[in-house]
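Given next are the chains, with one letter for each unit.
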Amino acid sequence: MEDARGTPAILTARRAGLVGCTRCGRVHSPRESTCRRCGSALTSRDGASLQRVWAWLMAGMIAYVPAMTFPMLMTTTLGQQQENTIVGGAIHLFDEGSYFVALIVFVASVLIPISKFIAIGYLALSVRSSVVIRGHGRQRLYHVVEFIGRWSMIDVFVVAILSSLVRFGFTATITPGIAALSFALSVAFTMLSAQSFDPRMIWDAYEDDDT
Amino acid sequence: MTQIVMLAATAAILMVAAVFFPFLEIHASGLSRWSSLLGVVAAFSEGWMLPLTFGLGAMILVLPLARLAALIYTLAPMALGHRPAPHAALAFRWAEAMRPWAMVEIFILGAAISLVKISALADVALGPAFWALAVLVVVTVLKDTLMCRMTVWKTLEERRPS
């Protein structure tokens, strides 16, 4: 079957014989090693990018396990100690009738991190395969992942505020649990993972497609 | 560009106010307590959670302020029609790199959730720092939507002394 007039070919900087700067977008001849506009280091494709993506992603996933299983908040009221995990806290809020807040906590600390693991993993796997995806789904996914990752930090802030405020000694005291630390690390690691991803690799599939 | 510089300066002033005024205050059965932003940062300073204190301090205090300072340094001379200051490109590159790690807007949402959580146990009063931060978030969002990074980079390059 003949494709009379296909979509206009996508011209990548690499095929044009140029190197694009990921920070400011200026293109240079391949001889340059630092960007003349912003001073960032230039490489056409970062060869070690995927390695770093996987390494940070693994670290993030490992740190996520204790973040889910260990207590996030320890509440002591009149000598009685109660420990709450992240999910436990969200369920507690739900039972009290604060559905909306419970939903925010659940989305920020369970839904977003897990879908981020999957999304980064998918992106890192899919740039290796030569499967061509029509449209710009992967570019969009990359931007969403980069934008949304930091919002998971919300639960760590909640713990910090609560435990700095509720300090009445014996009457009522809230202390942060170990999960707060590992959760913060998990979010930071996955943010680094998303940042190490070289988005230009997504475009390579289009390059192969045309030739 | 002038607007961005003004908004950045506003945000910086609000940030300083937010650090020193009380953030939240609670009253419960005759006891009351208030906490400032610094107190929140210090929440993890006991035992071996200490590293998290530095992380928290960076995310809600140091990096937002440093980012504002870098933006003002980059943009203010150009807004006044001068050449960019020395190392302005470096400053702007840092500002861009800091962007995902400055999390004040996430912090304010966290504060809102904490309010819901505590209000079941005690009366909570919002301090001036809370309002300062709330306005700061609006100003920051406004500033970031006004600012086009590509334009800033282009202007930096065009106005650079050769």
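Worth saying up front: this structure is predicted, and the values here are computed from it rather than measured.

**Notes on the layout of surface pockets**
Phase 1: Computed from the structure, the second largest pocket encloses a volume of approximately 400 Å³.
Phase 2: If you go around the second largest pocket, you meet 24 residues; those closest to its centre are Leu73, Thr75, Asn84 and His92 of chain A together with Lys117 of chain B.
Phase 3: Of all the secondary-structure elements, those providing two or more residues to the lining of the second largest pocket are strand 3 (73-77), strand 4 (80-84), helix 2 (86-96) and helix 5 (154-165) of chain A together with helix 5 (104-119) of chain B.
Phase 4: Of the residues forming the lining of the second largest pocket, the biggest block, six residues, is contributed by helix 2 of chain A.
Phase 5: Among the residues making up the lining of the second largest pocket, the classes are represented as 14 nonpolar, seven polar and three charged.

**Digging into empty space enclosed by the protein**
Residues and elements named next belong to chain A.
Phase 1: The tally for this structure, following the rule as stated, stands at two cavities of 30 Å³ or more.
Phase 2: Size it by volume and the largest cavity reaches roughly 40 Å³.
Phase 3: Lining the largest cavity we find Pro113, Lys116, Phe117, Gly149, Ser152, Ser186, Val187 and Thr190.
Phase 4: Listing elements by their share of the lining of the largest cavity, those giving two or more residues are helix 3 (99-126) and helix 6 (178-196).
Phase 5: Partitioned by chemical class, the residues of the lining of the largest cavity number three nonpolar, four polar and one charged.
Phase 6: One number sums up the size of the second largest cavity: a volume of about 30 Å³.

**As for unusual backbone geometry**
With the exception of glycine, most residues fall at negative phi, and the peptide bonds are largely trans.
Phase 1: Phi at His87 of chain B takes a positive value of approximately 60 degrees, unusual for a residue other than glycine.
Phase 2: With respect to the element layout, His87 of chain B can be found in the loop between helix 3 (50-79) and helix 4 (88-98).

**Brief notes about the packing of helix 5 of chain A against helix 5 of chain B**
Phase 1: The geometry of helix 5 of chain A relative to helix 5 of chain B is characterised by a closest axis approach of 8 Å and an angle of 55 degrees between their N-to-C directions. As judged from the angle between their axes, helix 5 of chain A and helix 5 of chain B are oblique. As for how helix 5 of chain A packs across helix 5 of chain B, the hand of that crossing is right-handed. Here helix 5 of chain A contributes Ile154, Phe157, Val158, Ile161, Leu162 and Leu165 of chain A to the contact with helix 5 of chain B, which in turn contributes Ile106, Phe107, Leu109, Gly110, Ala111, Ile113, Ser114, Lys117 and Ile118 of chain B.
Phase 2: Of the residues contributing to the contact of helix 5 of chain A with helix 5 of chain B, the split by class is twelve nonpolar, two polar and one charged.

**Description of the packing of helix 5 of chain A against helix 6 of chain A**
All names here are of chain A.
Phase 1: Look at helix 5 against helix 6: their axes get within 9 Å of each other, and the N-to-C directions meet at 145 degrees. By crossing handedness, the relation of helix 5 to helix 6 is classed as left-handed. Of the residues in helix 6, those touching helix 5 at Asp155, Val156 and Val159 are Ala180, Phe183 and Ala184.
Phase 2: Across the contact of helix 5 with helix 6, the residue classes tally to five nonpolar, no polar and one charged.

**Notes on the nonpolar core**
Phase 1: Grouped together as the largest cluster of nonpolar side chains are 91 residues, with contacts concentrated most on Phe157 and Phe197 of chain A together with Phe23, Phe44, Phe107 and Leu133 of chain B.
Phase 2: Looking at this core, the element that brings in the most residues is helix 3 of chain A, giving ten residues.
Phase 3: Dropping the residues within four chain positions of it, Phe197 of chain A is found in contact with Ser49, Leu50, Val53, Leu123, Ala124, Val127, Tyr142 and Ile202 of chain A.
Phase 4: Membership of the second largest hydrophobic core comes to 21 residues, among which are Ala76, Ala88, Phe92 and Trp153 of chain B.

**Notes on a nonpolar patch on the surface**
Residues and elements named next belong to chain A.
Phase 1: A contiguous nonpolar patch, built from Val144, Phe147 and Ile148 and spanning about 270 Å² of accessible area, is present on the exposed surface.
Phase 2: In this structure, Val144 sits in helix 4 (residues 137-148).
Phase 3: With relative accessibility at 46%, the residue Val144 sits in the partly exposed group.

**Quick word on the UniProt feature "transmembrane region" (unreviewed entry) in chain A**
All names here are of chain A.
Phase 1: The UniProt feature table records "transmembrane region" (unreviewed entry) at residues 53-74, 99-127, 148-168 and 174-192.
Phase 2: In this annotation, residues 99-127 is assigned 97% helix and 0% strand; the end-to-end C-alpha distance for the span is 39 Å.
Phase 3: Here residues 148-168 runs as 62% helix and 0% strand, with 36 Å between its end C-alpha atoms.

**Comments concerning helix 7 (residues 149-158) of chain B**
Residues and elements named next belong to chain B.
Phase 1: Considered for burial, the residues of helix 7 that qualify are Val152, Trp153, Thr155 and Leu156. Within helix 7, the buried residues cover an arc of 165 degrees as seen down the axis, which keeps them to one side.
Phase 2: In the core, the buried residues of helix 7 are packed alongside helix 3 and helix 4.

**Details of the pattern of salt bridges**
Phase 1: Within this structure, the stated rule accounts for four salt bridges over all chains.
Phase 2: Of the charged contacts, one joins Glu105 of chain B and Arg150 of chain A as a salt bridge, the two residues approaching to 3.1 Å between their closest N and O atoms. A residue pair is termed interchain when its members come from two chains, as with Glu105 of chain B in helix 5 and Arg150 of chain A in the loop between helix 4 and helix 5.
Phase 3: The exposure class assigned to Arg150 of chain A is buried, which follows from its relative accessible area of 8%.
Phase 4: One salt-bridge network, held together by shared partners, links Arg67, Lys143 and Asp144 of chain B.

Rules used in this analysis
- Residues numbered from 1 in each chain as written.
- Chains lettered and ligands numbered in written order.
- Predicted model: local features only at pLDDT ≥ 70, side-chain atom pairs only at ≥ 80, totals over all residues.
- Heavy atoms only, no water.
- 1 Å grid on protein atoms, 1.4 Å probe; cavity = no way out; pocket = protein on both sides within 12 Å on 5 of 7 lines; lining within 4 Å.
- Points joined across faces, edges and corners; volume = space filled by probe spheres on them.
- Helix = DSSP H or I, 4+ residues; strand = E, 2+ residues; numbered from the N terminus.
- Nonpolar A, V, L, I, M, F, W, Y, C, P; charged D, E, K, R; others polar.
- Axes fitted to C-alpha atoms, helices over the stretch in contact; angles between N-to-C directions.
- Parallel < 35°, antiparallel > 145°, perpendicular 65-115°, else oblique.
- Left-handed = near helix turned anticlockwise from the far one by under 90°.
- Contact = heavy atoms within 4.5 Å.
- Core = buried A, V, L, I, M, F, W, Y, C linked by side-chain atoms within 4.5 Å.
- Buried < 20%, exposed > 50% of the residue type's maximum accessible area, 1.4 Å probe, protein only.
- Patch = residues over 30% accessible without salt bridge, like charges linked within 9 Å, V, L, I, M, F, W, Y side chains within 5 Å.
- Areas by Shrake-Rupley, 256 points an atom, 1.4 Å probe, with all protein chains shown as cover.
- Salt bridge = Lys/Arg side-chain N within 4 Å of Asp/Glu carboxyl O.
- UniProt positions renumbered as here; feature names shortened; annotations may be inferred.
- Arc of directions from axis to C-beta.

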